[in-house]
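Structure at a glance
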Amino acid sequence: MNAIWQYAALSNHQAIEAFTMAEYNRVRDNLKTLTASNVLASQITSASKAIALSLEAIPDQLSANNIVEFFRSVHAPIYGNTIPDSGASSLTIVNDESLEPETNECYQVLAVEIRNIGLLTAIEVSVTIGDVELWGGAVPAGGYVSTMVFPGVFPFILSKGNPLKFSVVAGVAPDMVAKVAYNKTVQN
């Protein structure tokens, strides 16, 4: 017990409070059979007013803090960056179809091309992300439009719930074919 009092006296850490042996044992006995996911705040406060770190637990807690800090230093700077070798193209998106990432995936859209394979009439196309129109315009008969009609938009990130959708709003719907080039990214 002297070691606990000595540590509490030497440290200015506010989370550490010196307990009498009886208080320490009551906290330990109430919590020792529970996992972290089973512990409720009410159980902690009913046992005592604060959690005391024993001298044996302090090095483990400091090690856990170091592991968390290391993980953050390695992983946090890469959120949103491209996953190597994950480039792909969706080559045959037709009227009212969309490109949408799977659960727990994000796509970085690099380029879009919309073709009118019909040779007789132009088609009017609407490109949306979710329910918001990104672009609307005409695609000439036998021609195409590409990322050049979307100045300053590319690249952008798609996530589940906001698909990139292509719809013919005027003209012959089966004449439209869209292509999208994208990379998978580390989740934001």
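Worth saying up front: this structure is predicted, and the values here are computed from it rather than measured.

1. Thoughts on the overall build of the protein
- A tally of regular secondary structure across the protein gives 4 helices and 9 strands.
- With the model as given, the accessible surface of the protein reaches about 11,700 Å², and the carbon-plus-sulfur share is 55%.

2. Points about the sheet that holds strand β8 (residues 164-170)
- Read across the open sheet, the 4 strands follow the order β2-β8-β4-β5; overall the sheet is antiparallel. Two strands bound the open sheet, and with one partner strand each, they are β2 (97-99) and β5 (132-139). Neighbour-to-neighbour, the strand axes of this sheet turn through a mean angle of 25°, independent of strand direction.
- Note that β2 and β8 share 3 bridges and pair antiparallel.

3. Let's talk about the environment of V172
- Structurally, V172 is set in the loop between β8 and β9 (176-185).
- Separated by 56 residues in sequence, V172 and N116 place their C-alpha atoms 9.3 Å apart.
- Apart from residues no more than four positions distant in its own chain, V172 is found in contact with T121 and I123.

4. So, unusual backbone geometry
- In this chain, F154 is followed by P155 through a cis amide linkage whose omega measures -10°.
- Locating P155 in the fold gives a position in the loop between β6 (144-146) and β7 (156-159).
- The residue D85 is not glycine, and still its phi comes out positive at about 60°.
- By the element assignment, D85 lies in the loop between α4 (57-75) and β1 (88-93).
- A positive phi is found at D96, a non-glycine position, where the angle reads about 65°.
- D96 sits in the partly exposed class, given a relative accessible area of 47%.

5. Considering the pairing of β7
- Judged by which residues are buried, β7 turns out to be one-sided: F156 and L158 face inward and are buried, whereas I157 and S159, on the alternate face, are not.
- Two elements, strand β3 (residues 106-116) and β7, share 4 bridges in a ladder whose sense is antiparallel. Along β7, the bridge assignment pairs Q108 with I157.

6. As for the pattern of salt bridges
- The full count for this structure, using the stated rule, is 3 salt bridges.
- Between K184 and E105 there is a salt bridge, with the nearest N and O atoms lying 3.0 Å from each other. Placement of K184 in strand β9 and of E105 in the loop between β2 and β3 is noted, with a sequence separation of 79 residues between them.
- For R115, the salt bridge goes to E113, with nearest N and O atoms at 3.0 Å.

7. Quick word on the environment of L110
- Topologically, L110 is positioned in strand β3.
- Each C-alpha atom, one on L110 and one on N183, is 7.6 Å from the other, the two residues being 73 residues apart in sequence.
- The contact partners of L110, leaving out residues within four places of it in the chain, are T147, F154, P155, A181, Y182 and N183.

8. Some words on the nonpolar core
- With 23 residues, the main nonpolar core has V112, I114, L164, F166 and V180 as its most contacted residues.
- Mapped onto this core, the elements with two or more residues apiece are β3, β4 (123-129), β5, β7, β8 and β9.
- Contacts of V180, omitting those with residues within four sequence positions, involve A88, S89, S90, I93, L99, V109, A111, V112, L164 and F166.

9. Comments concerning the environment of G130
- Locating G130 in the fold gives a position in the loop between β4 and β5.
- A residue is classified by how much of its surface remains accessible, and G130, at 17% relative accessible area, is buried.
- C-alpha of G130 to C-alpha of K165: the two residues are 35 residues apart in sequence and 7.5 Å apart in space.
- Setting aside residues up to four positions removed in sequence, G130 forms contacts with N162 and P163.

10. A few points about the packing of aromatic side chains
- All told, the structure shown has 2 aromatic pairs when counted by the stated rule.
- Relative to F156, the ring of F154 lies with its centre 5.3 Å away and its plane at 45°, an arrangement referred to as tilted.

The rules behind the values
- Residues numbered from 1 in each chain as written.
- Predicted model: local features only at pLDDT ≥ 70, side-chain atom pairs only at ≥ 80, totals over all residues.
- Heavy atoms only, no water.
- Helix = DSSP H or I, 4+ residues; strand = E, 2+ residues; numbered from the N terminus.
- Areas by Shrake-Rupley, 256 points an atom, 1.4 Å probe, with all protein chains shown as cover.
- Pairing = 2+ DSSP bridges.
- Axes fitted to C-alpha atoms, helices over the stretch in contact; angles between N-to-C directions.
- Contact = heavy atoms within 4.5 Å.
- Buried < 20%, exposed > 50% of the residue type's maximum accessible area, 1.4 Å probe, protein only.
- Salt bridge = Lys/Arg side-chain N within 4 Å of Asp/Glu carboxyl O.
- Core = buried A, V, L, I, M, F, W, Y, C linked by side-chain atoms within 4.5 Å.
- Phe/Tyr/Trp six-rings, centres within 6.5 Å; stacked < 30°, edge-to-face > 60°.

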